[in-house]
Amino acid sequence: MLEVQHLTKVYPDGTVALKDVSFSVQDGEFLVVIGLSGAGKSTLLRCINRLIEPSGGKILWNGIDVTEADPKSLRKIRRDFGMVFQQFNLVHRLSVQMNVLAGRLGYVSPTKSLLYRFNEEDYRLAEEALRKVGLLEMAYKRARELSGGQQQRVGIARALMQQPKVILADEPVASLDPVLAHSILGYLEQLNKEEGITVICSLHYLDLVQRYASRVIGLRGGQLVYEGSREDIRRMTDDQFKEVYGEEAERIAPPSLAGGTNDA
Amino acid sequence: MMPKFAWIFSILLPGLGQLVLGQVQRGVFALSGFLTSIALAYWRFSLLAPRETTLIGVLRRSLERRPGFTSFVLLLIALFWILGILDTLKLAHPGPGKKVRGLLSFFFTLSLLLFVLGWQISEIDVSRMVKDFNKAMTPLNRVLWPWKAAVTRDTRVLSARAEILEGEGTPPGKPVSKPGQPYVYAEPTVGIASKLDEKGQPVPGTIITLHGSGFEPNTKTDIWWEDPIGSRFQVRIGGEYLTVITDAEGKFSVQLPIPYSIIPPGAVKGPLIHYAEAQQIFPVGPLKPSTPFLEIVSRMVETIVMGLMATVLGILFAIPLSFLAARNIMHGSWIGMSIYYLMRFIMNVVRSIEPIIWAVIAVVWVGLGPFAGVIALTIHSIASLGKLYSEAIEGIDHGPIEAVQATGATKLQTIMFAVIPQMVSPFISFSIYRWDINVRMSTIIGMVGGGGVGFVLLQYVRLLDYQAAGIAVWFIAVTVAVLDYVSAEIRERMI
């Protein structure tokens, strides 16, 4: 179980990105974080595995305080959190296989991996992960040769290599077209349902939120302004939506993707 | 009040009126343009009239010497002045509802004025260029197709000589002939040399006949002469070199007067013995590369190696320095940023000084030769590559770094998996580009003594050996073209 308590982040230039945010995530949830650009979604996700150092508050992962962890235990904690990014963040020059194997870096001995070498077991895991996302035949291509959707699947495979308990997905489909968005979220849902991996995902489109989330939290100006269950979201009206997104927000996704919840 | 009388200011000085009207940019531009052209015009006029002291005198004299140029410039200045007044009037009284617009011709006149002055300052002379084009043809032809000078053949010399006595005494006997050897004898073997009379007119001396045999048949034979003090020269008759073609049996006979030669009194003791000599030179054996060709080839190799060495050394020094000049590496601390700015400053200064200037310094430092060139190119490469590398480091995408960090990778693992793979392409690309530049630069760095092909190229040009120079030019052109292609090709594949 992940507990976020009074989390605050103030950047050196004085920007308050997160202000006293508290919530908890049960194992196996598909938690979606919504909010405008700049609301603090990315900062929140990055504070959980301390890619960004929180300024205050606590993050408890199965009772261990992540914010207090020393580098060695932080490395172990990070292994539990696979991460998927909006811009995929693959290393373009390296092969797909090597990008996937990079997900193993938290496990392998630092010296051996410096020469881009891994164990037999790691290669086997990489093959398995690539098969899961349907890209096994692309293993030896360079990452930049892949399309956007394929790159994001490689990103998911890389996260899987960590054998994570949680996947943090920072707007994983914002750079993809609607059809690919469903395909990528479908993979995440599958992992969530079949392997019990907790997913914490930030999303923009209400339609996608309604289709995939088991619970939703909304951020606005760095503060938690909404919290709702699966049923709450299904009933969510445009007015409530605007409360999170601000007055100027509109639904963007075309009705065909709304998954039968057009009546909302 | 003011706009009404702004044109009066324009009468005083072009641009002033516009300034009064608040058209600052327009006014400053016109005023500075006017003052510049007045200064330039006065400078050129006073050069045409160096002895005149008064303005009127200068103008009169330069009108005499260059009427076209001087009157045209004066006309344009006057026109500019008048158009400036009209411009002010137009600016002061814009039409109803129209935007304030001045005269375009005002600035066009200024441009034309500066162009005319520039034409005269840079001594452009189209008629001379056209007229003297034929002067350029000979060297140009040699440079464009120099390959005759690239090859040579061994030569064989056949020669024989006969003694001739000048003045009085016992005539020398016939030389002894040996079978299979060329043989020459003179008839008579004694006589008087050609002289100059009191009026300086030549008076031919005794005509002698040279008989030769045993030479190569049907071959051009040169006649040489050696006087009693040992000066050897080719005999001329009526300004033309005396030559004779041997017959089918290798024999010839030719008549010539004993040539004129100056022998200082007392320089020779005893009888004045001259030698007449017949000589045949003909190429033998296969074609082989000429000396200049071999010299240029070895210098070309030297050039390419110089470029390579400078590139390798430049890369070795530039990599560590580039990290010190990368903002994203150095930011954070006060000391880091000071080093960053210092490195940037030094690199910019060093880069702005051309390699050829560095070569001049390096030649003073380590002497003439390729080492000086390598030093010059290395210094410039470090600064250029340092800047390019540091920009590549600054430009790396933070995303992959974040992604690798998120897996629990250590700092070193993050560098290996996310930083280095991103830098490989730009580093290789910039290094090859620099290699290309360095080889190109090293072809000319020899001109200031930095070794390489430029050194011999300049030497051949100064010796007016345009064919050898042409060979060097060809080598440079081909090398640079090949390099250009190869480096572009490699870079394309890398990126």
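Residues numbered from 1 in each chain as written. Chains lettered and ligands numbered in written order. Predicted model: local features only at pLDDT ≥ 70, side-chain atom pairs only at ≥ 80, totals over all residues. Heavy atoms only, no water.

**So, a nonpolar patch on the surface**
Residues and elements named next belong to chain B.
Okay, step 1: A surface patch of nonpolar side chains, amounting to about 850 Å² of accessible area, comprises Leu-140, Leu-144, Trp-145, Trp-474, Val-478, Val-482, Tyr-485, Val-486 and Ile-490.
Okay, step 2: Elements that contribute at least two residues to the nonpolar patch include exactly α8 (133–144) and α17 (466–494).
Okay, step 3: Broken down by element, the residue count for the nonpolar patch peaks at six residues, all from α17.
Okay, step 4: Relative to the helices and strands, Val-482 is located in helix α17. (Patch = residues over 30% accessible without salt bridge, like charges linked within 9 Å, V, L, I, M, F, W, Y side chains within 5 Å. Areas by Shrake-Rupley, 256 points an atom, 1.4 Å probe, with all protein chains shown as cover. Salt bridge = Lys/Arg side-chain N within 4 Å of Asp/Glu carboxyl O. Helix = DSSP H or I, 4+ residues; strand = E, 2+ residues; numbered from the N terminus.)

**Observations regarding the domain arrangement of chain A**
For interface size, the figure often reported is the accessible area lost on association.
Residues and elements named next belong to chain A.
Okay, step 1: Structurally, chain A comprises domain 1 (1–80 + 164–264) and domain 2 (90–163).
Okay, step 2: Domain 1 and domain 2 are separated by 25 Å when their C-alpha centres are compared.
Okay, step 3: Contacts between domain 1 and domain 2 engage 14 residues on the former and 17 residues on the latter.
Okay, step 4: In total, about 1300 Å² of surface goes out of reach between domain 1 and domain 2, with carbon and sulfur atoms giving 61% of it.
Okay, step 5: Our count for the domain 1 to domain 2 interface comes out at one salt bridge. (Domains from an automatic or database assignment. Contact = heavy atoms within 4.5 Å. Buried area = accessible area lost by both parts, 1.4 Å probe.)

**Observations regarding the pairing of strand β8 (residues 198–203) of chain A**
Residues and elements named next belong to chain A.
Okay, step 1: Among the six residues that make up β8, six are buried, leaving the element largely enclosed by the rest of the structure.
Okay, step 2: The two faces of β8 match: Thr-198, Ile-200 and Ser-202 on one face and Val-199, Cys-201 and Leu-203 on the other face are all buried.
Okay, step 3: Pairing between strand β3 (residues 30–34) and β8: five bridges, direction parallel. Bridge pairing in β8 links Leu-31 to Ile-200.
Okay, step 4: The pairing of strand β7 (residues 166–170) with β8 spans five bridges and is parallel. Directly across from Ala-169, in β8, lies its bridge partner Cys-201.
Okay, step 5: For the segment spanning β7, helix α7 (residues 178–194) and β8, crossover handedness is right-handed. (Buried < 20%, exposed > 50% of the residue type's maximum accessible area, 1.4 Å probe, protein only. Pairing = 2+ DSSP bridges. Right-handed = clockwise from strand over helix to strand, strands pointing away.)

**Details of the domain arrangement of chain B**
Okay, step 1: With domains assigned, chain B is organised as domain 1 (2–124), domain 2 (153–288) and domain 3 (291–494).
Okay, step 2: A separation of 48 Å is found between the C-alpha centroids of domain 1 of chain B and domain 3 of chain B.

**What about the nonpolar core?**
All names here are of chain A.
Okay, step 1: If you look at the biggest cluster of nonpolar residues, it comprises 73 residues, and the most contacted ones within it are Val-100 and Ile-156.
Okay, step 2: Discounting residues that sit within four places of it in the chain, Val-100 has contacts with Ala-126, Ala-129, Leu-130, Val-154, Ala-157, Arg-158 and Met-161.
Okay, step 3: If you look at the next biggest cluster of nonpolar residues, it comprises 32 residues, including Leu-45, Ile-48, Ile-52 and Leu-168. (Core = buried A, V, L, I, M, F, W, Y, C linked by side-chain atoms within 4.5 Å.)

**Considering the confidence of the model for chain A**
Residue and element names in this part refer to chain A.
Okay, step 1: Scored by pLDDT, chain A comes out at a mean of 87, with 93% of its residues at no less than 70.
Okay, step 2: Least confident of the elements in chain A is helix α10 (residues 238–245), whose mean pLDDT is 72; most confident is strand β6 (residues 81–84), at 95.
Okay, step 3: Counting interchain partners and residues more than four positions distant, the pLDDT-below-50 stretch residues 253–264 has 12 contacts. (pLDDT = per-residue confidence, 0-100.)

**Side note on helix α6 (residues 104–121) of chain B**
Residues and elements named next belong to chain B.
Okay, step 1: Along its 18 residues, α6 runs 26 Å from first to last C-alpha, staying within 8% of the 26 Å computed at 1.5 Å per residue.
Okay, step 2: Turning to α6, its buried residues number three or more, namely Phe-106, Phe-107, Thr-109, Leu-110, Leu-113, Val-116, Leu-117 and Gln-120.
Okay, step 3: Close packing links the buried residues of α6 with α2 (16–20), α3 (24–48) and α5 (67–92).
Okay, step 4: A positive phi of about 55° marks Glu-123, the residue just after α6. (Expected span 1.5 Å × (residues − 1).)

**Description of the packing of aromatic side chains**
Two aromatic rings, taken as a pair, are described by how far apart their centres are and by the angle between their planes.
Okay, step 1: Evaluation of the coordinates by the stated rule reveals 18 aromatic pairs over all chains.
Okay, step 2: Relative to B:Phe80, the ring of B:Phe34 has its centre 5.8 Å away and its plane inclined at 15°; by these criteria the two rings are stacked. Taken together, the residues B:Phe34 in helix α3 and B:Phe80 in helix α5 connect sequence positions 46 residues apart.
Okay, step 3: For B:Phe80, a relative accessible area of 0% translates into the label buried.
Okay, step 4: Consider the rings of B:Phe45 and B:Phe69, whose centres lie 5.9 Å apart with planes at 70°: the pair is edge-to-face. Placement of B:Phe45 in helix α3 and of B:Phe69 in helix α5 is noted, with a sequence separation of 24 residues between them. B:Phe69 carries the same exposure label as B:Phe45, and that label is buried.
Okay, step 5: Through pairs of rings, three or more aromatic residues link up here, namely B:Phe29, B:Phe34, B:Phe80, B:Trp81, B:Phe106 and B:Phe107.
Okay, step 6: In this structure, A:Arg79 is placed above the aromatic ring of A:Tyr107, and the distance from its NZ or CZ to the ring centre is 4.3 Å.
Okay, step 7: Residue placement shows B:Arg232 over the ring face of B:Trp224; its charged tip is 4.3 Å from the ring centre. (Phe/Tyr/Trp six-rings, centres within 6.5 Å; stacked < 30°, edge-to-face > 60°. Lys NZ or Arg CZ within 6 Å of the ring centre and 35° of its normal.)

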